[in-house]
Amino acid sequence: MKTFKNILVAVDFNDAVGELISYAESIAEKFGAKIWVVHVAAPDPDFVGYDTGPQYIRDMRADELKDEHKELQQIRDMFIDKNIESDALLIQGSTVETVLEEAKKLKADILIVGTHKHSFFYNLFAESVSVELFKNSEIPVLSIPIEGEK
């Protein structure tokens, strides 16, 4: 039977984060695994070929990243039992590639993601992050269906 030592939970800041983490927590309790809560923030403008602009723009972006990191740590503290080893990481980059690279770096044994329910036509024309993770992941991906925005 496969054992899990590292569980990566890829989150965006929505209402389903608690549900995703509860799945990770049950696996972590069974195997004594560590939970990594990871959020991928948009890359810096200069990374994607745009000028970063004046200093105040860079300062605003730095403040946004600090706030997102604090929120991620609060999510970890709120939803993960203190007896389970866990860490929260905020990483900048392209979502799919960054999650997959981080899974390798952390030696993750399983990736947990949320999947929005969409219509057939939506799925036909728009590739989702979770679908791309399924297609490109080298480790098992547990996809949790989440409700869309109402």
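Residues numbered from 1 in each chain as written. Predicted model: local features only at pLDDT ≥ 70, side-chain atom pairs only at ≥ 80, totals over all residues. Heavy atoms only, no water.

This part takes up the overall build of the protein. Of the regular secondary structure elements, the protein holds 5 helices and 5 strands. Helices and strands appear in the protein in the N-to-C order β-α-β-α-β-α-β-α-α-β. Taking all 150 residues of the protein together, 38% fall into the buried category. In the protein, of all internal contacts separated by at least 6 residues, the share reaching a separation of at least 24 is 78%. (Helix = DSSP H or I, 4+ residues; strand = E, 2+ residues; numbered from the N terminus. Buried < 20%, exposed > 50% of the residue type's maximum accessible area, 1.4 Å probe, protein only. Contact = heavy atoms within 4.5 Å.)

A word on a nonpolar patch on the surface. Nonpolar side chains collect at one region of the surface, where Tyr-56, Ile-57 and Met-60 lie side by side and expose about 300 Å² of accessible area between them. Along the chain, Tyr-56 falls in helix 2 (residues 55-79). (Patch = residues over 30% accessible without salt bridge, like charges linked within 9 Å, V, L, I, M, F, W, Y side chains within 5 Å. Areas by Shrake-Rupley, 256 points an atom, 1.4 Å probe, with all protein chains shown as cover. Salt bridge = Lys/Arg side-chain N within 4 Å of Asp/Glu carboxyl O.)

In this section: the sheet that holds strand 4 (residues 110-116). Overall, parallel pairing links the 5 strands, which are arranged 3-2-1-4-5 in an open sheet. Looking at the sheet topology across the chains shown, the edges are occupied by strand 3 (86-92) and strand 5 (141-146). Neighbour-to-neighbour, the strand axes of the sheet open up by a mean angle of 25°, direction not taken into account. Where strand 4 and strand 5 come together, 6 bridges link them in parallel fashion. Residue pairing in the sheet places Ile-112 in a bridge with Leu-142 of strand 5. (Pairing = 2+ DSSP bridges. Axes fitted to C-alpha atoms, helices over the stretch in contact; angles between N-to-C directions.)

Once that is clear, we can look at the pairing of strand 1 (residues 6-10). Among the 5 residues that make up strand 1, 5 are buried, leaving the element largely enclosed by the rest of the structure. Both faces of strand 1 are covered, namely the face carrying Asn-6, Leu-8 and Ala-10 and the face carrying Ile-7 and Val-9. Looking at chain direction, strand 1 and strand 2 (residues 34-41) are connected through 5 bridges and run parallel. Bridging across to strand 2, Leu-8 finds its partner in Trp-36.

In this section: the nonpolar core. By size, the foremost hydrophobic cluster in this structure holds 22 residues, and its most contacted members are Ile-7, Val-9, Ile-35 and Ile-112. Looking at this core, the elements that each hand over two or more residues are strand 1, helix 1 (17-31), strand 2, helix 2 and strand 4. By residue number, the principal contributor to this core is helix 1, which donates 7 residues. (Core = buried A, V, L, I, M, F, W, Y, C linked by side-chain atoms within 4.5 Å.)

Going through the model one piece at a time under the given rule, you end up with 1 aromatic pair. A ring pair is formed by Phe-4 and Phe-31, whose centres lie 5.1 Å apart and whose planes are at 80°; its orientation type is edge-to-face. Separated by 27 residues along the polypeptide, Phe-4 in the segment before strand 1 and Phe-31 in helix 1 bring together distant segments of the chain. (Phe/Tyr/Trp six-rings, centres within 6.5 Å; stacked < 30°, edge-to-face > 60°.)

In this section: helix 1. Helix length check: helix 1, at 15 residues, gives a terminal C-alpha distance of 21 Å against a target of 21 Å (1.5 Å per residue), a fit within 8%. Within the sequence span of helix 1, burial applies to Val-17, Gly-18, Leu-20, Ile-21, Ala-24, Glu-25, Ile-27, Ala-28 and Phe-31. For helix 1, the elements touching its buried residues are strand 1, strand 2, helix 2, strand 4 and strand 5. Backbone geometry just after helix 1 places Gly-32 at a positive phi near 70°. (Expected span 1.5 Å × (residues − 1).)

Below, the discussion takes up the side chain of Asn-6. For Asn-6, the position within the fold is in strand 1. On the basis of relative accessible area, Asn-6 is assigned to the buried category, the value being 16%. Of the polar contacts made by the side chain of Asn-6, one reaches the backbone oxygen of Leu-106; its length is 3.4 Å. Apart from the residues within four sequence positions on either side, Asn-6 is in contact with Ala-33, Lys-34, Trp-36, Leu-106, Lys-107, Ala-108, Asp-109 and Ile-110. (Polar contact = N/O pair within 3.5 Å; in protein donor to acceptor, adjacent residues only side chain to side chain.)

Distances and angles like these do not, on their own, reveal function.
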